[in-house]
Amino acid sequence: MSTGEGGALYVRDPERRRHARMLRGQGMDLNRRYWHPIIGYNYRMTNIAAAIGLGQIEMLDFHLAERRRIAKRYFAQLRPLEAEGLLKLPVQIEGYEGTYWLFSAVLPTGGEKRRAAIMRDLASDYGIETRPFFVPMHRLPMYASGQSLPHTDFLSAHGMNFPTYTGLHDGEIDEICTAIAHLARNV
């Protein structure tokens, strides 16, 4: 769900919830005003963003059902590529249900160059917009420590996200999957 910028956080664990509240309020102690025992940020929402969020909560079940419908279709259509070793699909854990904000897959070979070529061709030849996986934090200048995280680097170089917006029709998903299959086999 979206609230423009910002959002809401739901935390079951009371200690983590307390910590999140402190972070939200610039690190201020919850029981002692203007005392900041930790570094925090201004993560408070505006009233307008909160109103949008409340409206989105009313539609949350619909949006989650849509994302899960879309993911189910992607899984059904892309499993043959996984069986061929051309694509690794998200892990599904029994007893848990994904929200599928993004539907993410990993190319097992070719690195950033191959992924970029596939993403470019999806956009130029088929009009399909995708996203690469995010740049790992340890690769960003402000967090660079020289740390080696090879699995993280691999996922970042090989991963891409497919369209998952509410209202994406089954036929459109089928077209996306056909294009992905063609490119995964030929690029």
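One structure accompanies this document, and this report is about it. (Residues numbered from 1 in each chain as written. Predicted model: local features only at pLDDT ≥ 70, side-chain atom pairs only at ≥ 80, totals over all residues. Heavy atoms only, no water.)

## Describing the nonpolar core
In terms of nonpolar packing, the biggest core is built from 28 residues, with Tyr-74, Leu-78, Leu-81, Leu-87, Phe-103, Phe-162 and Ile-180 touching the most fellow members. When residues of this core are traced back to their parent elements, those giving at least two are α3 (60-83), β1 (103-106), α4 (111-126), β3 (159-162) and α6 (170-186). The dominant element in this core, judged by the number of residues it contributes, is α6, at 8 residues. Setting aside anything within four residues of it in sequence, one finds Leu-87 in contact with Leu-78, Leu-81, Glu-82, Ala-105, Val-106, Leu-107, Pro-108 and Ile-180. (Core = buried A, V, L, I, M, F, W, Y, C linked by side-chain atoms within 4.5 Å. Buried < 20%, exposed > 50% of the residue type's maximum accessible area, 1.4 Å probe, protein only. Helix = DSSP H or I, 4+ residues; strand = E, 2+ residues; numbered from the N terminus. Contact = heavy atoms within 4.5 Å.)

## Comments concerning a nonpolar patch on the surface
Judged by side-chain polarity, Ile-39, Tyr-41 and Tyr-43 come together as a nonpolar surface patch covering roughly 390 Å² of accessible area. Following the sequence through the fold, Tyr-43 ends up in the loop between α1 (14-24) and α2 (47-58). (Patch = residues over 30% accessible without salt bridge, like charges linked within 9 Å, V, L, I, M, F, W, Y side chains within 5 Å. Areas by Shrake-Rupley, 256 points an atom, 1.4 Å probe, with all protein chains shown as cover. Salt bridge = Lys/Arg side-chain N within 4 Å of Asp/Glu carboxyl O.)

## Considerations on the packing of α4 against α6
Packed helices, taken two at a time, are described by the angle their axes make and the gap between the axes. The interhelical angle for the contact between α4 and α6, taken along N-to-C directions, is 140 degrees, at an axis separation of 10 Å. When the axes of α4 and α6 are compared, the pair comes out oblique. The handedness of the crossing between α4 and α6 is right-handed. Residues Arg-114, Ile-118, Asp-121, Leu-122 and Tyr-126 of α4 lie in contact with α6, whose contacting residues are Ala-179, Ile-180, His-182, Leu-183 and Ala-184. A class-by-class count of the residues in the contact of α4 with α6 yields 7 nonpolar, 1 polar and 2 charged. (Axes fitted to C-alpha atoms, helices over the stretch in contact; angles between N-to-C directions. Parallel < 35°, antiparallel > 145°, perpendicular 65-115°, else oblique. Left-handed = near helix turned anticlockwise from the far one by under 90°. Nonpolar A, V, L, I, M, F, W, Y, C, P; charged D, E, K, R; others polar.)

## Let's talk about the packing of aromatic side chains
One pass over the structure, following the stated rule, counts 7 aromatic pairs. A centroid spacing of 6.4 Å and a plane angle of 25 degrees characterise the contact between Phe-103 and Phe-162, whose relative ring orientation is stacked. With Phe-103 in strand β1 and Phe-162 in strand β3, this pair connects stretches of sequence that are 59 residues apart. Phe-162 matches Phe-103 in its accessibility class, with the two residues each being buried. Among the aromatic residues, those joined into a cluster by ring pairs are Tyr-74, Phe-75, Tyr-100, Phe-103 and Phe-162. In this structure, Arg-32 is placed above the aromatic ring of Trp-35, and the distance from its NZ or CZ to the ring centre is 4.1 Å. (Phe/Tyr/Trp six-rings, centres within 6.5 Å; stacked < 30°, edge-to-face > 60°. Lys NZ or Arg CZ within 6 Å of the ring centre and 35° of its normal.)

## Some details on the pairing of β3
Alternating positions in β3 separate into two faces, Gly-159 and Asn-161 on one and Met-160 and Phe-162 on the other, with burial throughout. By the bridge criterion, 4 bridges tie β1 to β3 in an arrangement that is antiparallel. Residue pairing across strands places Val-106 opposite Gly-159, the latter belonging to β3. Summarising the sheet, strand β2 (residues 131-132) and β3 pair through 2 bridges and their orientation is antiparallel. What sits directly across from Arg-131, in β3, is Asn-161. (Pairing = 2+ DSSP bridges.)

## With respect to the side chain of Asp-153
Within the element layout of this structure, Asp-153 appears in helix α5 (residues 150-158). In terms of polar contacts, Asp-153 uses its side chain to reach the side chain of Arg-139, at 2.5 Å. For Asp-153, the contacting residues outside a window of four places in its chain are Pro-136, His-138 and Arg-139. (Polar contact = N/O pair within 3.5 Å; in protein donor to acceptor, adjacent residues only side chain to side chain.)

## Quick look at the sheet that holds β1
Taken together, the 3 strands give an open sheet; going across it, the order is β1-β3-β2, and neighbouring strands pair in antiparallel fashion. Looking at strand neighbours, the two that pair on one side only are β1 and β2, the edges of this open sheet. Lying over the sheet, α3 contacts β1 and β3, oriented at roughly 25 degrees with respect to β1.

## Concerning unusual backbone geometry
The residue Gln-26 is not glycine, and still its phi comes out positive at about 65 degrees. Within the element layout of this structure, Gln-26 appears in the loop between α1 and α2. Phi angles above zero are rare outside glycine, and Tyr-34 is one such case at about 65 degrees. Looking at the element boundaries, Tyr-34 is found in the loop between α1 and α2.

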